Amino acid sequence: MPSGPHLSAVDSELVARAGAGDERAMTDLYDRYGSVVYTVAYRVVGERADAEEVVVEAFAQAWRDAGRFEAARGSVAAWLTMIARSRALDLVRARGRRERLMASAAGAGPDASASAADPAANPAERTEQDERRRIVRQAMESLSPPQRQAIEMAYFEGLSQSEIAERLGEPLGTVKTRVRLGMQKLRESLRPYFFEPVI
Amino acid sequence: MSTPDDTELRDLAAAYVLGALAPEEARAFEAYLASSPEARREVAEYRETAALLALGGDERRPPPELRARVQAAVAATRERPLRVERRSPWRPIAWVGLAAAVLAAVGLGARTRSLGRELAARDSTIAELERRVDELGQGVFDRDAILAAVLSRDVRLVQLTASGNPDPAIQIFWDTARNTALVNAIRLKPPPTGRTYQLWWIRDGKPVPSVTFDVRPDGAGLVRGVSVPSDGVLSAAAVTEEPSGGSQQPTSPILLVGTLPKS
């Protein structure tokens, strides 16, 4: 279920309050997006303790940067996930654990954190998130495997198109086309489910 | 209509959002972005798309205690406004103590200690910044005082110099109407421990003790509101190094001296 304008307005209001120094607004933002931010962090770093560390750092950074948030540049959710992804990639790069990440991605099993109760999100928000997850999974599955692979390597591993081409032994032009067409397709399927509609 | 170049650039939008462009491509795209509202919209759409990507994998739910850790980190990252007034010495300690107690209460073990250390480090950074603001504030105040003293109509300037050494100097801005002076030291070596500088007025040929003063590590010092004897004949001012607290009679050779104009 896509977010209505009401939810978006609430998000922006929360960031504005955080920017003005209201710590409770950050807790509210965590309750709304902690799970999404954790998921991004986990996908990038590949394990629980680091993912938690990234979430803490990401919200601390969001708290510091809240005063500079520009609603015109995108939704609060996109902003938070962008911060989390950057922090997560920093962590992976800093520790040089790309190989370990690949190994754990290959054999990814269920994690204790996956079944942990999430008391933060309310049932309506959980249903909305569950619906989004289903739609996103569907959209990802609609991509050709090479498209999906190229996009995931870029987003979750922080690789450039040239690095992807090198790793896959494919021509750079081919990788560029996969990224572009894959993202176009995702954008079209996911547009009604954006955290906030782009005006 | 888009030119072929525009189309080429627009094709980079998705990879740009994914951070997958080569640095030179990213720079070219950003330049294009600045001039194209259409491209900005496209980037915004791809940002929303990218924000959803993580949801495509296995669901991961954060452990319940993460919420408290985020709250603690937010509390510890609070950027407090810099204040010019001096903080009382117990405040940083109490603040760190309080935050540590909150963290301990939510049972964070080793993380508590690491956050506590980080917090203490930040607090000391803030204290250092406040100290620097204090210094800057003091500097501005000093400059205002000098300006006020220099610009007054009744002020005369007396320069004290060290014989054979042009480096250290003392300027005395003598307000003859109020019989007060502002003493400004320049490039004076800080005195050894237990010693201080003392100013002397030479009245009727005899030294009259005046203020003692110290200088900052950079050799600068400023004393405002120094009384100038209003009786007798003042001929000069001098500075010696004396035991802390000052002396009634000079106990060491004159370091700097300057003659006073007749008032």
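Computed from a predicted model, the values in this text were never measured in an experiment.

**Section: the overall build of chain B**
Now for step 1: Of regular secondary structure, chain B possesses 7 helices and 8 strands.
Now for step 2: In chain B, buried positions account for 30% of the 263 residues.
Now for step 3: Taking all contacts inside chain B whose residues are at least 6 apart in sequence as the whole, residues at least 24 apart take part in 57%.

**Details of the overall build of chain A**
Now for step 1: Along chain A, the regular secondary structure elements total 10 helices and 0 strands.
Now for step 2: Helices and strands in chain A line up, N terminus first, as α-α-α-α-α-α-α-α-α-α.
Now for step 3: The burial tally for chain A puts 44% of its 199 residues in the buried class.
Now for step 4: Across chain A, the fraction of contacts at a sequence separation of at least 24, relative to all contacts at a separation of at least 6, is 72%.

**What to know about unusual backbone geometry**
If a residue is not glycine, its phi is most likely negative; likewise, a peptide bond is most likely trans.
All names here are of chain B.
Now for step 1: Although it is not a glycine, Asn179 adopts a positive phi angle of roughly 55°.
Now for step 2: Among the secondary structure elements, Asn179 is positioned in the loop between strand E2 (165–175) and strand E3 (180–186).
Now for step 3: With 14 C-beta atoms packed within 10 Å, Asn179 lands in the partly exposed category.
Now for step 4: With a phi close to 50°, Asp204 is a non-glycine residue in the positive phi region.

**Here's the deal with the nonpolar core**
In a soluble, globular protein the nonpolar side chains are often hidden away together inside.
Now for step 1: Core analysis: the biggest nonpolar cluster contains 85 residues, and Ala41, Val55 and Phe59 of chain A have the highest contact counts within it.
Now for step 2: By residue number, the principal contributor to this core is helix H2 (residues 23–45) of chain A, which donates 13 residues.
Now for step 3: Phe59 of chain A has contacts with Met26 and Tyr30 of chain A together with Val70, Ala73 and Val74 of chain B, leaving out every residue within four places of it along the chain.
Now for step 4: Counting residues in each nonpolar core, the second largest holds 25 residues, with Trp174, Leu182, Trp201 and Val226 of chain B among its members.

**What to know about the interface of chain A and chain B**
Now for step 1: Facing 61 residues of chain A, the contacting portion of chain B comprises 40 residues.
Now for step 2: Counting residues per element, the ones that place at least two in the side of chain A that touches chain B are H2, helix H3 (48–65), helix H4 (76–95), helix H6 (112–115), helix H7 (123–141), helix H8 (145–157), helix H9 (161–168) and helix H10 (172–190) of chain A.
Now for step 3: The element contributing the most residues to the side of chain A that touches chain B is H2 of chain A, with 12 residues.

**Side note on the packing of H4 of chain A against helix H4 (residues 37–53) of chain B**
Now for step 1: At their nearest, the axes of H4 of chain A and H4 of chain B sit 9 Å apart, and the two run at 60° to each other. By crossing handedness, the relation of H4 of chain A to H4 of chain B is classed as left-handed. Where H4 of chain A approaches H4 of chain B, its residues Ala77, Ala78, Thr81 and Met82 of chain A are matched on the opposing element by Arg47, Glu48 and Ala51 of chain B.
Now for step 2: For the contact of H4 of chain A with H4 of chain B, a count of residues per class yields 4 nonpolar, 1 polar and 2 charged.

**Some remarks on the environment of Ala165 of chain A**
All names here are of chain A.
Now for step 1: Examined against the element boundaries, Ala165 turns out to sit in helix H9.
Now for step 2: Sequence separation between Ala165 and Lys176 is 11 residues; the distance between their C-alpha atoms is 8.7 Å.
Now for step 3: Each residue touching Ala165, except ones within four places of it in the same chain, is listed here: Glu170, Pro171, Leu172 and Val175.

**A word on H3 of chain A**
Now for step 1: Between its terminal C-alpha atoms H3 of chain A stretches 25 Å, which fits the 26 Å expected from 18 residues at 1.5 Å a residue.
Now for step 2: Residues of H3 of chain A that are buried: Arg48, Ala51, Glu52, Val54, Val55, Val56, Glu57, Ala58, Phe59, Ala60, Ala62 and Trp63 of chain A.

**Points about the pairing of strand E4 (residues 195–203) of chain B**
Residues and elements named next belong to chain B.
Now for step 1: Judged from the 9 bridges that link them, E4 and strand E7 (residues 234–243) form a sheet pairing that is antiparallel. Its bridge partner being in E7, Trp200 is matched across the sheet by Ala238.
Now for step 2: Pairing geometry for E4 and strand E5 (residues 206–213), over 6 bridges, is antiparallel. Each bridged residue has a counterpart across the sheet, and for Arg203 the counterpart in E5 is Lys206.
Now for step 3: Here E4 folds back onto E5, and the loop between the two strands holds 2 residues, one of which, Asp204, carries a positive phi near 50°.

**A short note on the packing of H2 of chain A against H4 of chain A**
All names here are of chain A.
Now for step 1: Closest axis-to-axis distance for the H2/H4 pair is 9 Å, and the angle between their directions is 30°. The angle between the axes of H2 and H4 places the two elements in the roughly parallel class. In this structure, H2 meets H4 at a crossing whose hand is right-handed. Touching Tyr33, Val36, Val37, Val40, Ala41, Val44 and Val45 of H2 are Ala77, Leu80, Thr81, Ala84, Arg85, Ala88, Leu89, Leu91 and Val92, all from H4.
Now for step 2: Partitioning the contact of H2 with H4 into residue classes produces 14 nonpolar, 1 polar and 1 charged.

**Here's the deal with the environment of Val175 of chain A**
Now for step 1: Structurally, Val175 of chain A is set in helix H10.
Now for step 2: When sequence neighbours within four positions are dropped, the list of residues in contact with Val175 of chain A reads Ala150, Gln161, Ile164, Ala165 and Glu170 of chain A.

**What about the confidence of the model for chain B?**
Residue and element names in this part refer to chain B.
Now for step 1: Residues with a pLDDT of 70 or more make up 76% of chain B, whose mean pLDDT is 79.
Now for step 2: By mean pLDDT, the top-scoring element of chain B is helix H2 (residues 13–17) (94), and the lowest-scoring one is helix H6 (residues 90–105) (51).
Now for step 3: Low pLDDT, under 50, characterises residues 80–95; the stretch is placed with 13 contacts to residues that sit more than four places away or in other chains.
Now for step 4: Model confidence for the complex: the whole-complex pTM is 0.53, and ipTM, which rates the interface, is 0.80.

About the thresholds
All residue numbers here refer to positions counted from 1 along the written sequence of the relevant chain. To read the labels, note that chains go from A and ligands from 1, taken in the order they are written. Per-residue local features are limited, in this predicted model, to residues with pLDDT of at least 70; the limit for side-chain atom pairs, both in listing and counting, is 80 or more; totals at the level of whole chains, interfaces and linings are taken over all residues. The secondary structure listing takes helices from DSSP runs of H or I that are at least 4 residues long and strands from runs of E that are at least 2 residues long, numbered from the N terminus. Neighbour counting defines burial: a residue surrounded by 20 or more other C-beta atoms within 10 Å of its own C-beta is buried, one with 12 or fewer is exposed, and intermediate counts give partly exposed, using backbone-placed C-beta atoms. Note that contacts rest on C-beta atoms placed from the backbone: two residues are in contact if these are within 7 Å. The nonpolar core is taken to be a set of buried Ala, Val, Leu, Ile, Met, Phe, Trp, Tyr and Cys residues joined by way of C-beta atoms within 7 Å. Orientation is described by lines fitted to C-alpha atoms, with helices fitted over the stretch in contact, and by angles between N-to-C directions that extend from 0 to 180 degrees. Note: crossing handedness is left-handed where the near helix turns anticlockwise from the far helix by less than a right angle, and right-handed where it turns clockwise. For this scheme, ten residues count as nonpolar: Ala, Val, Leu, Ile, Met, Phe, Trp, Tyr, Cys and Pro. Four count as charged, namely Asp, Glu, Lys and Arg, and the remainder, Gly too, count as polar. One fewer than the residue count of a helix, multiplied by 1.5 Å, yields its expected span. What makes two strands pair is DSSP finding at least two bridges between them. Working definition: roughly parallel below 35 degrees, roughly antiparallel above 145 degrees, roughly perpendicular at 65 to 115 degrees, and oblique for all remaining angles. A residue's pLDDT is the confidence the predictor assigns to it, expressed on a 0 to 100 scale.

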